Each structure stands twice: as structure tokens, then as C-alpha cells.
Amino acid sequence: MSRTFASLKYVNYRLWFAGALVSNVGTWMQRVAQDWLVLTVLTQDSGVAVGVVTALQFLPFLILGPWAGVLADRVNQRMLLIATQGAAAMLGLGLGALVLLGQAELWHVYAFAFGLGIVSALDVPVRQTFVASLVPPDGLTNAVGLNSASFNAARLIGPGIAGLTVAWIGIGWVFVVNGLTFLATIVALLLMRSSELVPLERAPRSPGQIKEGLRYVRGRPDVIVVMIVVSVVAAFGLNFQMTSALMARIEFDRGPEDYGLMGSVLAIGSLAGALLAARRSQVRLRLILGSALMFGVSSSVMALMPSYELYLVASIAVGFSALTMLTSANAAIQTSTSAHMRGRVMALYSMILLGSTPVGSPLVGWIGDANPRWAIGVGAITAIAVALGATAWSVRYWNLEVTYHRHRPLLEFTYPTQSNPREDAVLRLRAQQIEDASGQP
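Below or above, wherever it landed, is the structure these notes cover. (Residues numbered from 1 in each chain as written. Predicted model: local features only at pLDDT ≥ 70, side-chain atom pairs only at ≥ 80, totals over all residues. Heavy atoms only, no water.)

**A few points about the overall build of the protein**
Part 1 of the reasoning: Looking only at helices and strands, the protein features 16 helices and two strands.
Part 2 of the reasoning: Of the contacts made within the protein by residues no fewer than 6 positions apart, 85% connect residues no fewer than 24 positions apart.
Part 3 of the reasoning: Element-wise, carbon and sulfur atoms account for 66% of the exposed surface of the protein, whose accessible area totals about 18,100 Å². (Helix = DSSP H or I, 4+ residues; strand = E, 2+ residues; numbered from the N terminus. Contact = heavy atoms within 4.5 Å. Areas by Shrake-Rupley, 256 points an atom, 1.4 Å probe, with all protein chains shown as cover.)

Put into C-alpha cells, the structure is as follows:
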């Protein structure tokens, strides 16, 4: 089996991959339908309302994030995942029933979005760490990359199916289908071979575990840099469902099918980025910062595209750079974090990544009401700024030197020797952390 798909040789991972793919298709279908429902049925093209829905869906990550990490480090992860998937299924079916019966109001969507956010806040840390029990330690980077490939393969399929379903039979059925797709993950979890699960170190019950996780992250400047970059880009730049809906509806005067196609084309680049990530044996900080910068530049180009067709073409590079950044960040943090701390660190990462959305999405939606192109432009500008700022800080903090060569490697990153032996040792340790084991999501 090729290096890209190496993790699929393990039965438990194959089950997980297949179940997650089906469930993720439903998730992307619901995201498209939810925004289109708010934008075209429950409001008069209100970008602010769409932004509020997005904010409510991610607000629980800020509230529950640290506690969810402790839970992921303590409990039976398999059972917790079955519970969260079942709860998400009920929420999808409930909202679908309201829409089909013609009883859905805007506050209903707000309530269901917040409820789904609570479930997701509990689900994401354990979902991200559970993959470590499905493959050997040396296969974790590949497994994380394939997880992202599954998510973005679904992103390639889901929005298009959602757009067609909305146009042909109505929005309500999309929510019903999404509710049913969670059963695929539940069945996959039940079919796994318990004897082949890789045992993970569990955190014992003790007071102060959340503070312990915070202290651990505070002592890892490489992880902090990754979290800051990803959170800023996520807050203002990763609002694709909202900005695409505004561009389709207001700027290009398109229907739900074309809006769904926007998400599918964006996913072409995302899927390519995820598959390349699965081939990497290690992740370096410069890849994360470089892809954040590339995201800002490509988003700027996409915002300026004069036609719907050119907008679609430009979105491929946006999807590629965004997924390269996210997958690299996820893999870097997971592979460089102690096993007994991984759940708490990943919960903090998810809190920073997804919890930043309630900060940025209402503002982006408000800007989009006035000009959808500037809604994308704000994300592009902030991504470029944070990538350059983090690079400058890294150069200063780690005394990093960048040398250009006419031959490979074109760019060489070195850490010059210091006069103080103790400082030299610290610098060498930091260099090792950044170059060889820098954080992964």
C-alpha cells in the first residue's frame, strides 16, 4: 500500500475512516443547508444572522474546551464518541422535522446550532486523540493526514449534494439525511476489534488537571505560536460557508446549486492538501507559517475575481493552503505532545481554533452585509499579518537565520551559536522542538 494510505492497512482505522467519511458528508450537507435556510428563508439575506448562527455553533468550545480535554484524557474514548454521535444525530433529525413541518424560526436555528456546538465541543478533543489508538505511534502523522482527507473528500461531495437536494426536494431533508449519517460512525465504532486498539496512557483523577494542561502549553512556545496563527486565521478567514453564501447570493446572484458547487470546488484544493499531508513523516513550523501566508495571498486573489467561474478556480488554492496549515498544525501538536497530556492540549487547541469563530464570524458577517468581497479581504489581510508577525517573532526569539541558496535546499534555516553555553543548550533544545517536532493538530 502506498505511503499516502498506509494507515488503511489496519482494520480499526479502515472502519473509522469509512464511518467518518459518511458522517462528514452529512455534516457538510447540513452546514450548507443551515446557512442557506437562514440567508434565504428566515431572513432577507442577513449576513449578520448567518454570522450569529456560526458563532453560536462554536461558542461552546470557549466554554467547555478545557473540561472536555480532561474528559478525553480520562474516560473510555470509544463510548464517549458513540454518545456524542448519537446526540448529534438527534439534533439533526430534530431540526429537520421542524423545517419539514414548516415550524422552523430563526431562534430555533440558533438553539440547535448552540446545542450542536455543545456536542461538538465534547466530541472534537476525543475524536482527534482517539485516532492514536487506531494505529501504531509511527503511523500517527499519516492517520491524521488521512482524517483530514476524509473530512475534505466529504467536503467535496457534501455541498454539491446539499445544493441539489435543497433545489429539488427542499432544505428540511438535508437535516434529516445528516442525522442518519451519524449512524455510520456509531456502527464503525461498535465493529472495531478491541484487542487491536493501541492502549493509550490515561490521566489519573486528580485536582488541578486543567491548570496542569495550561502550564504544559505555557512551557511550549512552539505550540503557542501555532495556536496563535491558526486561531487568527480561523477567526477571520475560515468562514467559507458564510462568505460563499454571501458571494453566491449577493455578488453573483446564484442559487443553491451554485452555492453548493462553491464548497465542492474549494474542497478540491483541501483534499489535495490533506493527501500531501498524509505523505509527510514530520511537520516543521515553517510549513505552518508558510501555508498561513499562502492562504492570505490566495484569499486576496479570490476576493478580487470578477466572475463566478474565476472565483471557483481561485478557491482551489485557498482550500489547499488552508488545509495544509490546519493539518500540519494538528499533526505537529499531536506528535510532539506527551500521551497523558494529549487530550487536554488538543482541547485547548480546539478551543483556540474553533472558539475564535464566535469572535470573528459576526464581524465578518456584518462586513459582508455591506460588501461580500471585503468579508473575504479581512480574512486575507489578517492571515498575512499574523504569518509575517509570527515569522518575525520566531526569527528573534530563536535567533533563527534564513539563508537563500541557488541549489536545493533553496532556503536553509539555522540557529547560530551563542557565547553563553547555557543559552546555547536552550537554543539547541528549542531548535530541535521547532525543526523536528513542532506542534501538530
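**Describing empty space enclosed by the protein**
Part 1 of the reasoning: Enumeration according to the criterion identifies five cavities of 30 Å³ or more in this entry.
Part 2 of the reasoning: The calculated volume of the second largest cavity comes to roughly 80 Å³.
Part 3 of the reasoning: Along the wall of the second largest cavity there are 14 residues; nearest its centre are Phe 236, Gly 237, Phe 240, Thr 243 and Ile 376.
Part 4 of the reasoning: Put simply, the parts of the chain that give the lining of the second largest cavity at least two residues each are helix H9 (240-251), helix H11 (285-304) and helix H15 (372-397).
Part 5 of the reasoning: It is H15 that contributes the most residues to the lining of the second largest cavity, four residues altogether.
Part 6 of the reasoning: The residue makeup of the lining of the second largest cavity, split by class, is nine nonpolar, five polar and no charged. (1 Å grid on protein atoms, 1.4 Å probe; cavity = no way out; pocket = protein on both sides within 12 Å on 5 of 7 lines; lining within 4 Å. Points joined across faces, edges and corners; volume = space filled by probe spheres on them. Nonpolar A, V, L, I, M, F, W, Y, C, P; charged D, E, K, R; others polar.)

**Quick look at the side chain of Ser 291**
Part 1 of the reasoning: Considering the arrangement of structural elements, one finds Ser 291 in helix H11.
Part 2 of the reasoning: Those residues in contact with Ser 291 that lie beyond four places of it in its chain are Ser 321, Thr 324 and Met 325.

**Description of a nonpolar patch on the surface**
Part 1 of the reasoning: There is a patch of nonpolar side chains on the surface, built from Leu 100, Leu 164, Trp 168, Ile 169 and Trp 173 and spanning about 570 Å² of accessible area.
Part 2 of the reasoning: Tracing the sequence through the fold places Trp 173 in helix H6 (residues 172-191).
Part 3 of the reasoning: Residue classification places Trp 173 among the partly exposed positions, given a relative accessible area of 41%. (Patch = residues over 30% accessible without salt bridge, like charges linked within 9 Å, V, L, I, M, F, W, Y side chains within 5 Å. Salt bridge = Lys/Arg side-chain N within 4 Å of Asp/Glu carboxyl O. Buried < 20%, exposed > 50% of the residue type's maximum accessible area, 1.4 Å probe, protein only.)

**Some details on the nonpolar core**
Inside soluble globular proteins, nonpolar side chains tend to come together where they are buried.
Part 1 of the reasoning: Ile 171, Met 227, Met 262, Tyr 311, Ile 333 and Tyr 349 are the most contacted members of the largest nonpolar core, which has 81 residues in total.
Part 2 of the reasoning: Formed by 22 residues, the second largest nonpolar core is a distinct cluster that contains Leu 8, Val 131, Ala 132 and Leu 189. (Core = buried A, V, L, I, M, F, W, Y, C linked by side-chain atoms within 4.5 Å.)

**Comments concerning the packing of helix H1 (residues 11-42) against H9**
Think of two packed helices as two axes; the pair is described by the angle between the axes and how far apart they sit.
Part 1 of the reasoning: Their axes nearest at 10 Å, the elements H1 and H9 cross at an angle of 50 degrees. Between H1 and H9, the interaxial angle falls into the category oblique. Here the hand of the crossing between H1 and H9 comes out right-handed. Across the interface between the two elements, Trp 28, Arg 31, Val 32, Asp 35, Trp 36, Leu 39 and Thr 40 of H1 pack against Gln 241, Met 242, Ala 245, Leu 246 and Arg 249 of H9.
Part 2 of the reasoning: Residues belonging to the contact of H1 with H9 are distributed by class as follows: seven nonpolar, two polar and three charged. (Axes fitted to C-alpha atoms, helices over the stretch in contact; angles between N-to-C directions. Parallel < 35°, antiparallel > 145°, perpendicular 65-115°, else oblique. Left-handed = near helix turned anticlockwise from the far one by under 90°.)

**Regarding H11**
Part 1 of the reasoning: Taking 1.5 Å of rise per residue, the 20 residues of H11 would be expected to cover 28 Å, and the 30 Å separating its terminal C-alpha atoms lies within 8% of that figure.
Part 2 of the reasoning: Residues Leu 285, Ile 288, Leu 289, Ser 291, Ala 292, Phe 295, Gly 296, Ser 298, Ser 299, Met 302 and Ala 303 constitute the buried set of H11. (Expected span 1.5 Å × (residues − 1).)

**Quick notes on the packing of aromatic side chains**
Part 1 of the reasoning: In this structure the tally under the stated criterion is five aromatic pairs.
Part 2 of the reasoning: Consider the rings of Trp 36 and Tyr 259, whose centres lie 5.3 Å apart with planes at 20 degrees: the pair is stacked. Highlighted residues: Trp 36 in helix H1 and Tyr 259 in helix H10 (residues 256-279), separated in sequence by 223 residues. The pair formed by Trp 36 and Tyr 259 is uniform in burial state, with each residue classed as buried.
Part 3 of the reasoning: Relative to Tyr 311, the ring of Phe 252 lies with its centre 5.7 Å away and its plane at 65 degrees, an arrangement referred to as edge-to-face. Of this pair, Phe 252 sits in the loop between H9 and H10 while Tyr 311 sits in helix H12 (residues 308-335), and the two are 59 residues apart along the sequence. For the pair Phe 252 and Tyr 311, one class covers both residues: buried.
Part 4 of the reasoning: In this arrangement the basic side chain of Arg 31 is found over the ring face of Trp 28, its NZ or CZ atom lying 4.6 Å from the centre.
Part 5 of the reasoning: A cation over a ring is seen here: Arg 254 above Tyr 308, with NZ or CZ 4.2 Å from the ring centre. (Phe/Tyr/Trp six-rings, centres within 6.5 Å; stacked < 30°, edge-to-face > 60°. Lys NZ or Arg CZ within 6 Å of the ring centre and 35° of its normal.)

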